[in-house]
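What follows is the residue order along each chain.
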Amino acid sequence: MAKYIIVGGVAGGATAAARLRRLDEHAEIIIMERGQYISYANCGLPYYLGGVIKDRDRLFVQTNEEFAKRFRVDVRVQNEVLSIRRDDKKVRVQRLLTGEEYDEAYDKLILSPGAEPLRPPIPGINDLSIFTLRNVMDTDRIKDYLDKNKVGRVVIIGAGFIGLEMAENMHHRGIFVTIVEMSDQVMTPLDYEMAAEVHQHLKTKNIEFYLKDGVSSFVRADDKLQVRLNSGKLLDADLVILSIGVKPDSHFAGDAGLELGEKNGIVVNEYLQTKDPDIYAVGDAITFMNPVLGKPMITYLAGPANKQGRIVADNIVNGNKKKYAGSIVTAIAKVFDITVASTGLSEKVLKAEGIPYISSIIHGTSHAGYYPNALPLTIKIVFSPTDGKLYGAQIIGYEGVDKRIDLCASVIQHNETIYDLQALEHAYAPPYSSAKDPVNIAGFAAENILVGLVKIIHWDEIADLDPKNSYLLDVRTIDEFKIRTIENAVNIPLDDLRNRMSEIPKDKKIIVFCSMGQRGYVAARILIQHGYNDVYNLTGGCKTYEHASGKQSNEDIFEKDVIGKDDYIYQLDPEKLKIPAKVLEVDACGLQCPGPILRIKKEMEKINFGDHLRISASDPGFKNDVGSWCNMTGNKLLELTTEKGMTIAIIEKKDSAGSSVIHKAGNDKTIIVFSDDMDKALASMVIANGAASTGKKVTMFFTFWGLNVIKRRQKPVVKKDFMGKMFSMMMPENSLHLALSKMNMLGLGPIMMRMRMKMKNVDALETMIQEALDGGVEMIACQMSMDIMGVDASELMDGVHIGGVATYLEAAEQSSLNLFI
Ligand code: FAD
């Protein structure tokens, strides 16, 4: 009868024990576990501390007794293996409760001791309110401390996966959270611009965090613990969680002469066997070849540990037959509302290793945009510039991140390329995905770069551009451009590009960008095919640029807080404490830009000065737009949060604001609508509504063909002369019958355009016209054109005034913008 001893009874150890028993009913199996418990879910510990997992018992996959009974395993908890005597195949064990030591012989030994948290010798580190989190006992200690003390503030040192999970869970308990991170970013497996998305998200959750700063000491004074940072900053803390990393708990293996590699990880072969044929090792404590990098690495993940446990049991019972292929380090974490995941190699690792690569970023949505609540999703991939082999992927989003990272992981694991990413077949229906899933799109975008259809530029290269020989071209709409753009950029909306190409210099490097990268790509293709040779698309568009180039850290956000008599923290910002007279709730979810802004404008008119409007919108651009709108109108943005992809803004209506009623002379806008092309009419209404929403007085002067845009649908019978009748017959009846200026395709173009607008949740032209009228846009029909074209006043929509050129000129006098469309 074989005798197997397993050191460590959690992820790798418990799996190995259970599998051994299933393969060998007669063996003697002993688990030596230093802690009190085996087979528990250490990945669930932060959620128990946060109160998300309420029942402590749920953390245990099986109790020690249940496990022992089911698998007939001798479970010896609180028994620590002190040493291994390989020559006579014995382990020296200490019973921790009594201190007594004994020897236990083995035929085969499995080491699964895991990794222990780092605890550097920082002055004051032994303070009783400083904790690390590794196991159930640590969890019980932290829980006990939280329950018995009034913890208002926690400082988390280290912003890795566990640090951020703890941040979220402490926040969930209502505790103010500060994170201190030595590096310039959170979550090291991510590249900087991806981590930047996490930084911006943490800000929306009121998490204070310091980057590029470490702890120099912990100081206890007057019964208060203070964390002193290298920068000199002092942070008050009721509780400190140290999560600065882990290292293999492998010292006893090294002492036994087993080979230790990188960071003291136990070296094993492809059968997970150490240099001693009777000793196998698995989990966080081993170092193994990373199949993508071709170098040994340690993987601190539960999935690989579990899989290795099973392989080792098979190899012990059946002989070395099963090979371990290595982990490509696929990891995922929930960080408040977003999910952050990575697999394979990051750009920074490739750079450090000197491996040539291309990196590309795309922004997509969790499912089809036209189905409600599609939420943003960012994918970054890195791949070989020669054959497109996929090296790594990082994904951040609100929904569906898990399945996409798994698809990418599968491609990497099978040594496949960006072409395989394109070809991945996925289940599709609108609530789940798009016909072309974002992972397919990532593959398409990569191919475009790889085959030279487009050159890309990265966010961090923009600052180095020399304006003398480069030209930054923003191809987003005028409205988007006005709200925010990159410094020195010139705006030519994509749809105007062909007409305005002469404005773009041919002797400069052209950097095209849009919000996500897609319109930029289309623009780049147009320019390249018109003879522009040096064109680059900004990968990830403005969105990535903004996230990465903005301020990353979030310091001193609790400065105004005070400790109350009851020992809890209160925020003293009077603005936050002020109770509004009234709050109007507005749901603008599903509306696309400028829909939510128009909605604010309309709803603000219904409330009194001092009252609050609380608006939620799913349009990703709204987060930035609402602040700009408030700045432009003088209203006050009190709070801006995001939750599951919804942006929620609370705005106070200010009596000093220009909000919809106060128009400053000289700042008005006038638009002459001459054309009755549907696309041009749309553009004029978007601009008019956008300007009106910011409190500007807008006058639209409809002349000649433009009159057809404002004709009512049900027209009275009007007596007309012969020419009038002829014109009536030849002209569109009303806005529903307008043609497109391009791609009209015998009337198919406008139908397609309307379908597309509906899919994208963009208001129909008729709705926009009505919104403009309702929003106070003055519409003037040109009397002279009406006479010539035989249009009667009764044929025009309600609310349209008749005027002459003088009326228009008077309005134009007061304008800072005068457009002819
Ligand atoms: P462990 O599961 O850590 O088991 C090692 C055991 O060995 C310990 O119980 C230890 O007490 C015992 N031991 C060590 N030395 C001795 C000795 N000399 N004698 C006797 N016993 C000994 N991974 C993920 O993939 N996803 C997650 O979401 C995730 N979340 C995590 C959250 C937390 C808070 C923690 C701590 C880890 C998390 N991990 C996560 C990591 C994952 O838990 C580990 O990768 C995995 O448990 C490693 O398995 P292992 O068997 O190597 O070690």
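Anyway, here's the lowdown on the structure attached to this text. These numbers come from a predicted model, not from an experiment. (Residues numbered from 1 in each chain as written. Predicted model: local features only at pLDDT ≥ 70, side-chain atom pairs only at ≥ 80, totals over all residues. Heavy atoms only, no water.)

1. A look at the overall build of the protein
(1) Moving on: Along the protein, the regular secondary structure elements total 24 helices and 42 strands.
(2) Moving on: Taking the principal axes of its C-alpha atoms as reference, the protein extends roughly 115 × 65 × 50 Å.
(3) Moving on: Burial statistics for the protein: of 821 residues in total, 53% are counted as buried.
(4) Moving on: Contacts in the protein between residues far apart in sequence, at least 24 positions, make up 65% of those at least 6 positions apart.
(5) Moving on: As presented, the protein carries roughly 36700 Å² of accessible surface, and 53% of it is formed by carbon and sulfur atoms.
(6) Moving on: Within the protein, one finds 97 positive and 107 negative side-chain charges whose respective centroids are separated by 2 Å. (Helix = DSSP H or I, 4+ residues; strand = E, 2+ residues; numbered from the N terminus. Buried < 20%, exposed > 50% of the residue type's maximum accessible area, 1.4 Å probe, protein only. Contact = heavy atoms within 4.5 Å. Areas by Shrake-Rupley, 256 points an atom, 1.4 Å probe, with all protein chains shown as cover. Lys, Arg positive; Asp, Glu negative; His and termini not counted. Charge placed at Lys NZ, Arg CZ, Asp CG, Glu CD.)

2. Things to note about the nonpolar core
Burial of nonpolar side chains together is a common tendency in soluble globular proteins.
(1) Moving on: By size, the foremost hydrophobic cluster in this structure holds 50 residues, and its most contacted members are Ile381, Leu473, Leu497, Ile504, Ile510 and Leu527.
(2) Moving on: Examining the composition of this core, we find that six residues originate from one element, helix H10 (residues 401-413), more than from any other.
(3) Moving on: Excluding residues that lie within four positions of it along the chain, Leu527 makes contacts with Leu473, Leu497, Met501, Ile504, Ile510, Val512, Tyr532 and Val535.
(4) Moving on: In this structure, Ile31, Ile38, Tyr106 and Phe288 belong to the second largest nonpolar core, which totals 47 residues. (Core = buried A, V, L, I, M, F, W, Y, C linked by side-chain atoms within 4.5 Å.)

3. A few points about the site of the ligand
(1) Moving on: Neighbouring residues of the ligand: 29 residues in total, closest Gly12, Glu33, Ser112, Asp284 and Ala302.
(2) Moving on: Here an oxygen atom of the ligand and a side-chain polar atom of Asn42 are 3.1 Å apart.
(3) Moving on: A distance of 3.0 Å is found between a nitrogen atom of the ligand and a backbone nitrogen or oxygen belonging to Val81.
(4) Moving on: In isolation the ligand offers 990 Å² of accessible surface; the protein chains occlude 90% of this area.
(5) Moving on: Of all the secondary-structure elements, those providing two or more residues to the shell around the ligand are helix H1 (11-23), strand S2 (28-33), strand S4 (79-85) and helix H8 (302-318).
(6) Moving on: With three residues, S4 is the single largest residue contributor to the shell around the ligand.
(7) Moving on: Taken together, the residues that form the shell around the ligand break down as 15 nonpolar, eight polar and six charged. (Near = heavy atom within 4 Å. Polar contact = N/O pair within 3.5 Å; in protein donor to acceptor, adjacent residues only side chain to side chain. Nonpolar A, V, L, I, M, F, W, Y, C, P; charged D, E, K, R; others polar.)

4. Here we look at the pattern of salt bridges
Side chains carrying opposite charge are able to pair once their charged atoms draw close together.
(1) Moving on: This model, assessed by the stated rule, comprises 50 salt bridges.
(2) Moving on: For Glu100, the salt bridge identified is with Arg95, shortest N-O distance 2.7 Å.
(3) Moving on: Here Glu100 falls in the partly exposed class, since its relative accessible area comes to 40%.
(4) Moving on: Taking relative accessible area as the criterion, Arg95 reaches 31% and is therefore assigned partly exposed.
(5) Moving on: The shortest N-O distance in the salt bridge between Glu353 and Lys295 comes to 2.8 Å. Remark: Lys295 occurs in strand S21 (residues 295-298) and Glu353 occurs in helix H9 (residues 347-353); sequence separation between them is 58 residues.
(6) Moving on: Using a relative accessible area of 32% as the deciding quantity, one classes Glu353 as partly exposed. (Salt bridge = Lys/Arg side-chain N within 4 Å of Asp/Glu carboxyl O.)

5. A word on the environment of Glu116
(1) Moving on: Assignment of secondary structure puts Glu116 in strand S8 (residues 115-117).
(2) Moving on: Here Glu116 falls in the partly exposed class, since its relative accessible area comes to 24%.
(3) Moving on: Distance from Glu116 to Leu133, taken between C-alpha atoms, is 9.3 Å for residues 17 residues apart in sequence.

6. Things to note about the packing of helix H17 (residues 595-604) against helix H19 (residues 678-693)
(1) Moving on: Between H17 and H19, whose axes approach to 9 Å, the crossing angle comes to 45°. Taken together, the axes of H17 and H19 are oblique relative to one another. For the pair H17 and H19, the crossing hand works out as left-handed. Facing H17, whose interface residues are Ile597, Leu598 and Lys601, H19 presents Asn689, Gly690, Ala692 and Ser693.
(2) Moving on: The class makeup of the residues in the contact of H17 with H19 is three nonpolar, three polar and one charged. (Axes fitted to C-alpha atoms, helices over the stretch in contact; angles between N-to-C directions. Parallel < 35°, antiparallel > 145°, perpendicular 65-115°, else oblique. Left-handed = near helix turned anticlockwise from the far one by under 90°.)

7. Digging into the state of the cysteines
(1) Moving on: According to the stated counting rule, one finds zero disulfides in the structure shown.
(2) Moving on: Unpaired in terms of disulfides, Cys542 finds its nearest cysteine sulfur in Cys514, a separation of 7.4 Å.
(3) Moving on: The class of Cys542 is buried, set by a relative accessible area of 5%. (Disulfide = S-S within 2.5 Å.)

8. Side note on a nonpolar patch on the surface
(1) Moving on: Together, Met743, Met745, Leu748, Ile751, Met752 and Met755 line one region of the surface with nonpolar side chains, adding up to about 620 Å² of accessible area.
(2) Moving on: With respect to the secondary-structure elements, Met745 resides in the loop between helix H20 (722-730) and helix H21 (748-759).
(3) Moving on: Relative accessible area serves as the criterion here: at 41%, Met745 is assigned to the partly exposed category. (Patch = residues over 30% accessible without salt bridge, like charges linked within 9 Å, V, L, I, M, F, W, Y side chains within 5 Å.)

9. Remarks on the sheet that holds strand S15 (residues 234-237)
(1) Moving on: The sheet built from three strands is open, its strands ordered S13-S14-S15 with antiparallel pairing. Of all the strands in the sheet, the pair left with one neighbour each is strand S13 (215-221) and S15. Going across the sheet, the axis of each strand differs from the next one's by a mean of 25°, ignoring polarity. (Pairing = 2+ DSSP bridges.)

10. Description of the pairing of strand S36 (residues 636-643)
(1) Moving on: In the sheet, S36 pairs with strand S37 (residues 646-652) via seven bridges, with the strands oriented antiparallel. Bridging across to S37, Thr642 finds its partner in Thr647.

11. As for the packing of aromatic side chains
Ring pairs (aromatic) are described by centroid distance and by the angle formed between their planes.
(1) Moving on: Applying the stated criterion across every chain, the model contains eight aromatic pairs.
(2) Moving on: Seen in terms of ring centroids, Tyr40 and Phe60 are 6.5 Å apart; in terms of plane orientation they differ by 70°. Their pairing is edge-to-face. In this pair, Tyr40 sits in the loop between S2 and helix H2 (45-49) while Phe60 sits in the loop between H2 and helix H3 (64-71), placing the two residues 20 residues apart along the sequence. Comparing Tyr40 with Phe60 shows no difference in burial state: the two are buried.
(3) Moving on: One aromatic cluster is present, built from ring pairs that chain together Tyr37, Tyr40 and Phe60.
(4) Moving on: In this structure, Lys509 is placed above the aromatic ring of Tyr536, and the distance from its NZ or CZ to the ring centre is 4.7 Å. (Phe/Tyr/Trp six-rings, centres within 6.5 Å; stacked < 30°, edge-to-face > 60°. Lys NZ or Arg CZ within 6 Å of the ring centre and 35° of its normal.)

12. Remarks on the pairing of strand S26 (residues 390-397)
(1) Moving on: The element S26 is largely enclosed, with a buried count of eight among its eight residues.
(2) Moving on: Sheet topology places strand S23 (residues 338-344) next to S26; six bridges connect them, and they run antiparallel. By the bridge assignment for S26, Ala341 is matched with Ile395.
(3) Moving on: Direction of pairing for strand S25 (residues 376-383) relative to S26: antiparallel, over a ladder of seven bridges. Note on S26: the bridge partner recorded for Phe383 is Leu390.
(4) Moving on: Where S25 hands over to S26, the hairpin turn is made up of six residues, of which Gly388 adopts a positive phi near 75°.

13. Regarding H1
(1) Moving on: For H1, with 13 residues, the first-to-last C-alpha span of 19 Å sits near the 18 Å given by 1.5 Å per residue.
(2) Moving on: When we look at burial in H1, the residues that qualify are Gly12, Gly13, Ala14, Ala16, Ala17, Ala18, Arg19, Leu20 and Arg21.
(3) Moving on: Residues of H1 that are buried sit in contact with strand S1 (3-7), S2, H3, strand S7 (108-111) and H8. (Expected span 1.5 Å × (residues − 1).)

14. Details of the sheet that holds strand S9 (residues 130-131)
(1) Moving on: The parallel open sheet is built from five strands, whose spatial order is S9-S16-S10-S11-S12. At either margin of the open sheet sits one strand with a lone partner, and together these are S9 and strand S12 (208-210).
(2) Moving on: Relative to strand S16 (residues 239-242), S9 runs parallel, the two sharing two bridges. Bridged to Phe131 within S16 is Ile241.

15. Examining the environment of Lys543
(1) Moving on: In this structure, Lys543 sits in helix H15 (residues 541-549).
(2) Moving on: For Lys543 and Met516, which are 27 residues apart along the polypeptide, the C-alpha to C-alpha distance reads 6.0 Å.
(3) Moving on: In contact with Lys543, not counting residues within four places along its chain, are Glu197, His363, Pro376, Thr378, Ser515 and Met516.

16. So, H10
(1) Moving on: Here H10 spans 18 Å end to end across 13 residues, near enough to the 18 Å set by a 1.5 Å rise per residue.
(2) Moving on: Inspection of H10 places Val401, Arg404, Ile405, Cys408, Ala409, Val411 and Ile412 among the buried residues, and these make up the whole buried set. Across the axial projection of H10, the buried residues extend over an arc of 160°, all falling on one side. (Arc of directions from axis to C-beta.)

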